[in-house]
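# Summary of the model geometry
The lines below spell out each chain.
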Amino acid sequence: MQVLELNHVAIHITDVTRSADFYRRVLRLEPIARPAFSFPGAWFRLGTSQELHLIADYGRPFSPNHRNNHFALRVDDLDAWETHLQAAGANFAPRKRRPDGAWQVFVQDPDGQSIELFTPK
């Protein structure tokens, strides 16, 4: 028995249109088809075979992720991403170096959830 891959990350959001716009426009993720669930949401491609699933959280009061909960996206050019995030008006923290030498920038989505953008050493 073995885990074959990370298939998707699912996060709860408060507004599908606003969040889908952020993940498409700011993080430049490709929207993909979503099954006809009985609740609203949106799906995006992450890399070559993983997905991000946005789930509208209309059924109970929304509470954002706890501090430090996040998912990380390896990116090609952190300088270009910082310039893009600034131009897009995104809420992000200054670049910092991890102990392993990788560089990272944390950006928040419209619901305050953190996404790490990083480049290896």
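Structural notes, computed from the coordinates. (Residues numbered from 1 in each chain as written. Predicted model: local features only at pLDDT ≥ 70, side-chain atom pairs only at ≥ 80, totals over all residues. Heavy atoms only, no water.)

## Description of unusual backbone geometry
Formally: Exposure classes here rest on a 1.4 Å probe applied to the protein chains alone. A residue is buried below 20% of its type maximum, exposed above 50%, and partly exposed in between.
Of note, Arg28 is a non-glycine position whose phi angle comes to about 60°, a positive value. Residue class for Arg28 comes out exposed when judged on its relative accessible area of 58%.

## Points about the pattern of salt bridges
What counts, and what does not: Any carboxyl oxygen of Asp or Glu that lies within 4 Å of a side-chain nitrogen of Lys or Arg is treated as forming a salt bridge with it. Secondary structure counts use DSSP, requiring at least four H or I residues in a row for a helix and at least two E residues in a row for a strand, with both numbered from the N terminus.
In this structure the tally under the stated criterion is eight salt bridges. Notably, a salt bridge pairs Asp100 with Arg98, separated by 2.8 Å at the nearest N-O pair. For Glu116, the salt bridge identified is with Arg98, shortest N-O distance 3.1 Å. A residue pair is termed long-range when its members are at least 10 positions apart, and Glu116 in strand β9 (residues 114–119) and Arg98 in the loop between β7 (96–97) and β8 (103–108) qualify at 18 residues. A single salt-bridge network, built from bridges that share partners, covers Asp21, Arg24 and Arg25.

## Description of the packing of aromatic side chains
Selection rule: Pairing of aromatic rings covers Phe, Tyr and Trp, the last through its six-membered ring, and needs centres within 6.5 Å; plane angles under 30 degrees mean stacked, over 60 mean edge-to-face, and all others mean tilted. A ring is considered to have a charge above it if a Lys NZ or an Arg CZ atom is located within 6 Å of its centre and within 35 degrees of its normal.
Within this structure, the stated rule accounts for four aromatic pairs. Centre to centre, the rings of Phe22 and Tyr23 are 5.0 Å apart; their planes meet at 90°, and the pair counts as edge-to-face. By relative accessible area, Phe22 is classed as buried at 6%. Residue Tyr23 is classed as buried on the basis of its relative accessible area of 0%. Put simply, the rings of Phe22, Tyr23 and Phe44 pair up and form one aromatic cluster. In this arrangement the basic side chain of Arg95 is found over the ring face of Trp103, its NZ or CZ atom lying 5.8 Å from the centre.

## Quick look at the pairing of β8
Keep this limit in mind: A pair of strands is labelled paired if DSSP reports no fewer than 2 bridges between them.
Strand direction decides the pairing type here: strand β6 (residues 91–92) and β8, joined by two bridges, are antiparallel. Bridging across to β8, Phe92 finds its partner in Val107. Bridge analysis of β7 against β8 gives two bridges, and the strand direction is antiparallel. By the bridge assignment for β8, Arg97 is matched with Trp103. Between β7 and β8, which pair antiparallel one after the other, the connecting turn spans five residues, and Gly101 there sits at a positive phi close to 95°. Hairpin connection between β8 and β9: a loop of five residues separates the two successive antiparallel strands, and Gly112 in this loop has a positive phi of roughly 85°.

## Observations concerning helix α2 (residues 78–88)
Definition in use: Working definition: the arc comes from the directions between the helix axis and the C-beta atoms, pointing outward to the latter. It only takes one pair of heavy atoms within 4.5 Å for two residues to be counted as in contact.
Leu78, Trp81, Glu82, His84 and Leu85 are the residues of α2 that are buried. Projected down its long axis, α2 shows its buried positions confined to an angular sector of 165°, all on one face. Those residues of α2 that are exposed and angled more than 90 degrees off the buried face are Thr83, Gln86 and Ala87. Buried residues along α2 sit in contact with α1 (16–26), β6, β8 and β9. Looking one or two residues past α2, Gly89 carries a phi angle of roughly 75°, positive in sign.

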